[in-house]
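Architecture at a glance
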Amino acid sequence: MINQEILNQFDMLYETTYFNVSKYVICKSSKPDDVEDILQNIYLTVFLCYNHFEKL
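Reading guide: rules and limits
- Residues numbered from 1 in each chain as written.
- Predicted model: local features only at pLDDT ≥ 70, side-chain atom pairs only at ≥ 80, totals over all residues.
- Heavy atoms only, no water.
- Helix = DSSP H or I, 4+ residues; strand = E, 2+ residues; numbered from the N terminus.
- Core = buried A, V, L, I, M, F, W, Y, C linked by side-chain atoms within 4.5 Å.
- Buried < 20%, exposed > 50% of the residue type's maximum accessible area, 1.4 Å probe, protein only.
- Contact = heavy atoms within 4.5 Å.

As for the environment of Tyr24
- Secondary-structure assignment places Tyr24 in helix 1 (residues 4-28).
- Sequence separation of Tyr24 and Val35 is 11 residues, and the distance between their C-alpha atoms is 10.0 Å.

The structure is reproduced here in structure tokens:
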């Protein structure tokens, strides 16, 4: 189960990094239609890893 502190920390991480990460993905992506999917995959992976390491 995910606790509220993890969600709050992830939200802060997302808010502080989204602009720069999205700029990077837009610059590196050959298909603009894929940008949102790539960003979603990035943040999903980060969240799953973050949640896993918080439990250790």
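Let's pick the thread back up.
Some thoughts on the nonpolar core
- In this structure, Ile6, Phe10, Val25, Val35, Leu39, Tyr43 and Phe47 together form the largest nonpolar core, which totals 7 residues.
- Elements that contribute at least two residues to this core include exactly helix 1 and helix 2 (35-55).
- Residues in contact with Tyr43, not counting those within four places in the same chain, are Phe10, Tyr14, Thr17, Tyr18 and Val21.

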